[in-house]
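# Geometric and topological summary
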Amino acid sequence: TISWSSPITDTGSYVVYGTNISYGSVSSNQSERVILADASNDTLVVHHVTLTGLTPGTKYHYRCGGNSGLSGDCIFRTAPAGIEPFTFAVLGDIQASGFSSSTNKCASFLKEQDVDFIIQVADIVQQGCHLSQWKALFESGKEMFESAPLMGCLGANHDVGYEASCGIVPEF
(Lines give C-alpha, C1' and ligand atoms only; values in the text may rest on other atoms or scores of the structure.)
Protein backbone atom coordinates (compact mmCIF):
# COMPACT_ATOMS: atom_id res chain seq x y z
CA THR A 1 0.00 0.00 0.00
CA ILE A 2 1.30 3.43 -1.00
CA SER A 3 0.20 6.26 1.31
CA TRP A 4 0.72 10.00 0.93
CA SER A 5 -0.87 13.26 1.99
CA SER A 6 -2.10 16.20 -0.03
CA PRO A 7 -4.10 19.39 0.37
CA ILE A 8 -7.81 18.82 0.92
CA THR A 9 -8.58 20.19 -2.56
CA ASP A 10 -6.57 17.46 -4.31
CA THR A 11 -8.73 14.81 -5.98
CA GLY A 12 -8.29 11.98 -8.46
CA SER A 13 -5.45 10.27 -6.61
CA TYR A 14 -3.48 7.47 -8.30
CA VAL A 15 -0.05 5.82 -8.50
CA VAL A 16 2.07 5.24 -11.60
CA TYR A 17 4.65 2.48 -11.12
CA GLY A 18 7.01 0.05 -12.81
CA THR A 19 10.44 -1.55 -12.61
CA ASN A 20 12.13 1.55 -14.08
CA ILE A 21 11.45 5.28 -14.35
CA SER A 22 9.34 4.72 -17.46
CA TYR A 23 6.78 3.34 -14.96
CA GLY A 24 4.28 1.76 -17.40
CA SER A 25 1.48 0.86 -14.98
CA VAL A 26 -1.25 2.93 -13.33
CA SER A 27 -2.99 1.81 -10.14
CA SER A 28 -6.33 0.24 -10.85
CA ASN A 29 -7.51 0.22 -7.25
CA GLN A 30 -9.58 3.12 -6.01
CA SER A 31 -7.76 5.38 -3.57
CA GLU A 32 -8.98 5.45 0.00
CA ARG A 33 -9.10 9.06 1.19
CA VAL A 34 -9.06 9.99 4.87
CA ILE A 35 -9.63 13.65 5.75
CA LEU A 36 -7.89 14.81 8.92
CA ALA A 37 -8.40 18.05 10.82
CA ASP A 38 -6.93 19.30 14.05
CA ALA A 39 -7.97 21.84 16.68
CA SER A 40 -6.30 24.70 14.75
CA ASN A 41 -8.44 23.83 11.67
CA ASP A 42 -5.37 22.58 9.80
CA THR A 43 -6.50 19.92 7.33
CA LEU A 44 -5.04 17.43 4.91
CA VAL A 45 -6.05 14.32 3.03
CA VAL A 46 -4.23 11.01 3.43
CA HIS A 47 -4.50 8.73 0.39
CA HIS A 48 -3.95 4.95 0.39
CA VAL A 49 -3.60 2.90 -2.81
CA THR A 50 -2.88 -0.84 -2.72
CA LEU A 51 -0.89 -2.21 -5.66
CA THR A 52 -1.50 -5.83 -6.64
CA GLY A 53 0.17 -8.34 -8.94
CA LEU A 54 3.70 -7.27 -8.05
CA THR A 55 6.67 -9.58 -8.64
CA PRO A 56 8.45 -10.82 -5.48
CA GLY A 57 11.98 -9.58 -4.84
CA THR A 58 11.67 -6.70 -7.31
CA LYS A 59 12.64 -3.05 -7.07
CA TYR A 60 9.82 -0.73 -8.18
CA HIS A 61 9.76 2.97 -8.97
CA TYR A 62 6.57 4.95 -8.43
CA ARG A 63 5.06 8.41 -8.36
CA CYS A 64 1.84 9.25 -6.51
CA GLY A 65 -0.50 12.19 -6.57
CA GLY A 66 -3.64 13.61 -8.07
CA ASN A 67 -4.96 16.63 -9.93
CA SER A 68 -2.32 18.91 -8.38
CA GLY A 69 0.55 16.80 -9.78
CA LEU A 70 2.68 13.79 -8.98
CA SER A 71 5.47 13.25 -6.46
CA GLY A 72 9.07 12.77 -7.45
CA ASP A 73 10.38 9.28 -8.17
CA CYS A 74 10.07 7.00 -5.14
CA ILE A 75 11.36 3.45 -4.66
CA PHE A 76 10.32 0.28 -2.85
CA ARG A 77 11.28 -3.39 -3.07
CA THR A 78 8.78 -6.20 -2.76
CA ALA A 79 9.46 -9.02 -0.30
CA PRO A 80 11.35 -11.96 -1.78
CA ALA A 81 9.51 -15.17 -2.65
CA GLY A 82 11.87 -17.24 -0.51
CA ILE A 83 14.49 -16.70 2.13
CA GLU A 84 16.83 -13.94 0.99
CA PRO A 85 18.80 -11.33 2.91
CA PHE A 86 17.43 -7.80 3.18
CA THR A 87 18.45 -4.61 4.91
CA PHE A 88 16.39 -2.30 7.08
CA ALA A 89 16.94 0.48 9.56
CA VAL A 90 15.27 1.21 12.87
CA LEU A 91 14.87 4.79 14.07
CA GLY A 92 13.56 5.53 17.52
CA ASP A 93 12.02 8.43 19.34
CA ILE A 94 12.67 11.14 16.74
CA GLN A 95 9.96 13.25 18.41
CA ALA A 96 10.31 15.83 15.68
CA SER A 97 8.22 18.49 14.04
CA GLY A 98 10.85 18.43 11.31
CA PHE A 99 14.26 16.89 10.92
CA SER A 100 17.03 18.20 13.17
CA SER A 101 20.64 18.35 11.97
CA SER A 102 21.38 14.99 13.64
CA THR A 103 18.30 13.39 12.06
CA ASN A 104 19.35 14.82 8.68
CA LYS A 105 22.76 13.14 9.08
CA CYS A 106 21.03 9.87 9.89
CA ALA A 107 18.72 10.25 6.87
CA SER A 108 21.69 10.86 4.55
CA PHE A 109 23.48 7.82 5.94
CA LEU A 110 20.40 5.60 5.50
CA LYS A 111 19.93 6.74 1.90
CA GLU A 112 23.56 5.76 1.17
CA GLN A 113 22.98 2.31 2.71
CA ASP A 114 20.16 1.50 0.26
CA VAL A 115 17.93 -0.02 2.94
CA ASP A 116 14.81 -1.92 1.89
CA PHE A 117 12.60 -0.24 4.50
CA ILE A 118 12.71 1.87 7.66
CA ILE A 119 10.91 1.14 10.92
CA GLN A 120 10.29 4.18 13.11
CA VAL A 121 9.45 3.14 16.65
CA ALA A 122 7.61 5.34 19.12
CA ASP A 123 7.24 9.07 19.41
CA ILE A 124 7.60 10.05 15.78
CA VAL A 125 6.50 13.64 16.50
CA GLN A 126 6.31 15.71 19.67
CA GLN A 127 2.54 16.32 19.62
CA GLY A 128 0.60 13.94 17.39
CA CYS A 129 -2.57 16.01 17.41
CA HIS A 130 -0.89 18.84 15.50
CA LEU A 131 -0.99 18.08 11.78
CA SER A 132 1.64 20.76 11.18
CA GLN A 133 4.21 18.56 12.96
CA TRP A 134 3.39 15.54 10.75
CA LYS A 135 3.58 17.75 7.65
CA ALA A 136 6.94 19.19 8.72
CA LEU A 137 8.31 15.73 9.50
CA PHE A 138 7.37 14.29 6.10
CA GLU A 139 8.50 17.38 4.20
CA SER A 140 11.89 17.51 5.92
CA GLY A 141 12.34 13.73 5.57
CA LYS A 142 11.08 13.60 1.98
CA GLU A 143 14.39 12.55 0.43
CA MET A 144 14.81 9.63 2.83
CA PHE A 145 11.17 8.53 2.60
CA GLU A 146 11.32 8.55 -1.21
CA SER A 147 14.21 6.07 -1.13
CA ALA A 148 12.72 3.54 1.31
CA PRO A 149 9.24 2.92 2.73
CA LEU A 150 8.62 4.03 6.30
CA MET A 151 6.70 1.78 8.67
CA GLY A 152 5.75 3.70 11.77
CA CYS A 153 4.90 2.30 15.18
CA LEU A 154 3.07 5.06 17.01
CA GLY A 155 4.23 5.96 20.48
CA ALA A 156 1.71 5.99 23.31
CA ASN A 157 2.23 9.44 24.71
CA HIS A 158 3.33 11.79 21.91
CA ASP A 159 2.07 10.43 18.59
CA VAL A 160 -1.50 9.65 19.67
CA GLY A 161 -2.16 12.80 21.62
CA TYR A 162 0.28 14.54 23.88
CA GLU A 163 -2.56 16.73 25.09
CA ALA A 164 -5.78 15.28 26.46
CA SER A 165 -7.76 17.58 24.15
CA CYS A 166 -6.25 16.19 20.94
CA GLY A 167 -8.84 13.58 20.13
CA ILE A 168 -7.28 12.38 16.84
CA VAL A 169 -4.76 9.79 15.75
CA PRO A 170 -3.24 10.60 12.34
CA GLU A 171 -3.32 7.75 9.83
CA PHE A 172 0.24 7.74 8.59
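Provided above is the structure to which this section pertains.
Right, let's walk through the structure included here.

The rules behind the values
- Residues numbered from 1 in each chain as written.
- Predicted model: local features only at pLDDT ≥ 70, side-chain atom pairs only at ≥ 80, totals over all residues.
- Heavy atoms only, no water.
- Phe/Tyr/Trp six-rings, centres within 6.5 Å; stacked < 30°, edge-to-face > 60°.
- Helix = DSSP H or I, 4+ residues; strand = E, 2+ residues; numbered from the N terminus.
- Buried < 20%, exposed > 50% of the residue type's maximum accessible area, 1.4 Å probe, protein only.
- Salt bridge = Lys/Arg side-chain N within 4 Å of Asp/Glu carboxyl O.
- Pairing = 2+ DSSP bridges.
- Axes fitted to C-alpha atoms, helices over the stretch in contact; angles between N-to-C directions.

Evaluated as defined, the whole model comprises five aromatic pairs. Judged by centre distance (5.7 Å) and plane angle (55 degrees), the ring pair of Tyr-62 and Phe-76 falls under tilted. Here Phe-76 lies in strand E8 (residues 74–77) and Tyr-62 lies in strand E6 (residues 59–66), a separation of 14 residues in the sequence. Residue classification places Tyr-62 among the buried residues on the basis of a relative accessible area of 11%. Between the aromatic rings of Phe-88 and Phe-117, the centroid separation amounts to 5.2 Å while the plane-to-plane angle is 5 degrees, which identifies the pairing as stacked. Here Phe-88, found in strand E9 (residues 88–92), pairs with Phe-117, found in strand E10 (residues 117–121); they are 29 residues apart in sequence, far enough to count as distant. An aromatic cluster is built from Tyr-60, Tyr-62 and Phe-76, whose rings are joined through pairwise contacts.

Per the stated rule, a full pass over the model turns up two salt bridges. The salt bridge involving Arg-77 is made with Asp-114; its shortest N-O contact spans 2.6 Å. Of this pair, Arg-77 sits in strand E8 while Asp-114 sits in the loop between helix H1 (101–113) and E10, and the two are 37 residues apart along the sequence. We classify Arg-77 as partly exposed; its relative accessible area is 27%.

With that settled, the discussion passes to the sheet that holds strand E4 (residues 32–37). Taken in spatial order, the three strands line up as E1-E5-E4 in an open sheet, and their pairing is antiparallel. Unpaired on one side and paired on the other, strand E1 (2–6) and E4 mark the two borders of the sheet. Averaged over all neighbouring strand pairs, the angle between strand axes comes to 20 degrees, with direction disregarded. Relative to strand E5 (residues 43–49), E4 is paired through six bridges, and the arrangement is antiparallel. Across the sheet, the residue bridging to Arg-33 is His-47, located in E5.

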